[in-house]
Amino acid sequence: GAVVSQHPSWVICKSGTSVKIECRSLDFQATTMFWYRQFPKQSLMLMATSNEGSKATYEQGVEKDKFLINHASLTLSTLTVTSAHPEDSSFYICSAAVSTGMKLFFGSGTQLSVL
Amino acid sequence: GDSVTQMEGPVTLSEEAFLTINCTYTATGYPSLFWYVQYPGEGLQLLLKATKADDKGSNKGFEATYRKETTSFHLEKGSVQVSDSAVYFCALRGQGGSEKLVFGKGTKLTVNP
């Protein structure tokens, strides 16, 4: 099946620094990618939807200036957590939609810990 | 808004035991329902789905039936294996064809030999 590669798997950073997470579709073109966040013992929550070549659409309550999403190609989307703080520590997962139909493929997630 | 309530884990079973993971939902209209599985170190994978009431999704010995009257989509397997150890997520997609998924919190299953 289709593969979505997400890197890094885990990252520890100091408060105030920025962290970039990459999500790549390895063997298909993804016109739409989704970014989710999961806090401990909470549901996976959709943060934003990104379409190749256009601005991301953010869910209510997600700061677009803090969580920068770039979807410059059909195989790569990046999420940058700017000026990270301990409350941003979470598990971030990306998913990609195949251009035909709506089947979703997920990355393995990134555990972010902000000290 | 739409929501999914999923049985809290973790769940620990012995091999060949019967598995049920409860999932109920709140949504308007007729959502599509899904179970995803995440094996250690891997991304979420679609396990099974049902798109209308009374549909039964099945895959790898797992089953779930879309019950509109009880707004439920419980996951079952008659005899679990060690290889079924994973985190299971119940999810829904609202009526209208949007690609947006609403997830439950996930249930971690550990199967011991």
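For every chain, the first residue of the written sequence is number 1, and numbering continues from 1 onward in sequence order. Labels follow written order: the first chain is A, the first ligand is 1, and so on. A pLDDT threshold of at least 70 governs which residues receive local features in this predicted model, and a stricter bar of 80 or more applies before side-chain atom pairs are shown or counted, although totals over entire chains, interfaces and linings include all residues. Values reported for side chains reflect all heavy atoms of the structure, with hydrogen atoms and water molecules removed beforehand.

Draft legend 1. The arrangement of the sheet that holds strand S9 (residues 75–77) of chain B in detail. Residues and elements named next belong to chain B. The strand order S3-S9-S8-S7 describes an open sheet built from four strands, whose pairing is antiparallel. In this open sheet, the two edge strands, each paired with only one partner strand, are strand S3 (19–21) and strand S7 (56–59). When strand polarity is set aside, the average angle formed by the axes of neighbouring strands in this sheet is 15°. The pairing criterion for strands is at least two bridges between them, as found by DSSP. Helix numbering and strand numbering both begin at the N terminus, where a helix is a DSSP run of H or I of at least 4 residues and a strand a DSSP run of E of at least 2. Lines fitted to C-alpha atoms define the axes here, with helix axes fitted over just the stretch in contact, and angles between the N-to-C directions of these axes take values from 0 to 180 degrees.

Draft legend 2. Inspection of the pattern of salt bridges at higher detail. Salt-bridge detection follows one rule: a side-chain nitrogen of Lys or Arg within 4 Å of a carboxyl oxygen of Asp or Glu. As enumerated under the stated definition, the model contains seven salt bridges over all chains in all. A salt bridge links lysine 66 of chain A to aspartate 88 of chain A; the shortest N-O distance between them is 2.9 Å. Of this pair, lysine 66 of chain A sits in the loop between strand S6 (57–58) and strand S7 (67–73) while aspartate 88 of chain A sits in the loop between strand S8 (76–81) and strand S9 (90–98), placing them 22 residues apart in sequence. We note a salt bridge from glutamate 8 of chain B to lysine 105 of chain B, for which the minimum N-O separation is 3.9 Å.

Draft legend 3. Examining the interface of chain B and chain A more closely. Contacts between residues were defined by any pair of non-hydrogen atoms, one from each residue, lying within 4.5 Å. Counting from both sides, the interface comprises 16 residues of chain B and, opposite them, 19 residues of chain A. Put simply, buried area is the surface a 1.4 Å probe can reach on two separate parts but cannot reach once they are joined, added for both. Counting each side, the surface lost to burial between chain B and chain A is near 1500 Å², with a carbon and sulfur contribution of 59%. Counting across the interface, chain B meets chain A through one salt bridge. For the salt bridge of lysine 100 of chain B with glutamate 59 of chain A, the shortest nitrogen-to-oxygen distance reads 2.7 Å. Polar contact is the term for a pair of N or O atoms within 3.5 Å; when the atoms are in protein, one must be able to donate a hydrogen and the other to accept it, and sequence-neighboring residues count only if both atoms are side-chain atoms. Remark: the boundary between chain B and chain A carries three residue pairs in polar contact (both at pLDDT 80 or more). Residue assignment for the side of chain B that touches chain A shows that the elements contributing at least two residues are strand S5 (32–38), strand S10 (86–93) and strand S11 (101–103) of chain B. A class-by-class count of the residues in the side of chain B that touches chain A yields five nonpolar, six polar and five charged. Residues are grouped as follows: Ala, Val, Leu, Ile, Met, Phe, Trp, Tyr, Cys and Pro are nonpolar; Asp, Glu, Lys and Arg are charged; every other residue, Gly included, is polar.

Draft legend 4. The pairing of S7 of chain A, seen in detail. Of the strand pairs in this sheet, S7 of chain A and S8 of chain A are connected by five bridges, and their pairing is antiparallel. If you follow serine 73 of chain A over to S8 of chain A, its bridge partner there is leucine 76 of chain A.

Draft legend 5. Structural context of the nonpolar core. Take the buried residues of types Ala, Val, Leu, Ile, Met, Phe, Trp, Tyr and Cys, join any two whose side-chain atoms come within 4.5 Å, and each joined set is a nonpolar core. When accessible area is computed with a 1.4 Å probe and restricted to protein chains, residues below 20% of their type maximum are described as buried, those above 50% as exposed, and intermediate ones as partly exposed. In terms of nonpolar packing, the biggest core is built from 27 residues, with Leu19, Trp35, Leu47, Leu48, Phe73, Leu75 and Tyr88 of chain B touching the most fellow members. Of all the secondary structure elements, the ones that give two or more residues to this core are strand S2 (11–14), S3, strand S4 (23–26), S5, strand S6 (45–50), strand S8 (62–65), S10 and strand S12 (107–112) of chain B. Residues within four places of leucine 47 of chain B in sequence aside, it is in contact with Trp35, Tyr36, Val37, Asn59, Lys60, Phe62, Leu75 and Tyr88 of chain B. Core analysis: the second largest hydrophobic core is formed by 26 residues, Val4, Ala56, Phe67 and Val98 of chain A among them.

Draft legend 6. Region of interest: the pairing of S8 of chain B. Residue and element names in this part refer to chain B. Relative to S8, S7 runs antiparallel, the two being bridged by four bridges. Across the sheet, residue lysine 56 finds its bridge partner in S8, namely threonine 65. Hairpin connection between S7 and S8: a loop of two residues separates the two successive antiparallel strands, and lysine 60 in this loop has a positive phi of roughly 55°.

Draft legend 7. Geometry of the environment of isoleucine 93 of chain A. Residue and element names in this part refer to chain A. Following the sequence through the fold, isoleucine 93 ends up in strand S9. With a relative accessible area of 0%, isoleucine 93 lands in the buried category. Considered as a pair, isoleucine 93 and serine 9 are 84 residues apart in the sequence and their alpha carbons are 9.9 Å apart.

Draft legend 8. Quick peek at the environment of phenylalanine 105 of chain A. Residues and elements named next belong to chain A. Examined against the element boundaries, phenylalanine 105 turns out to sit in strand S10 (residues 104–106). The spacing of phenylalanine 105 and glutamine 38 is 67 residues in sequence and 17 Å in space, taken between C-alpha atoms. Other than its neighbours up to four places away in sequence, phenylalanine 105 contacts Ala2, Val4, Phe28, Cys94, Ser95, Ala96 and Val98.

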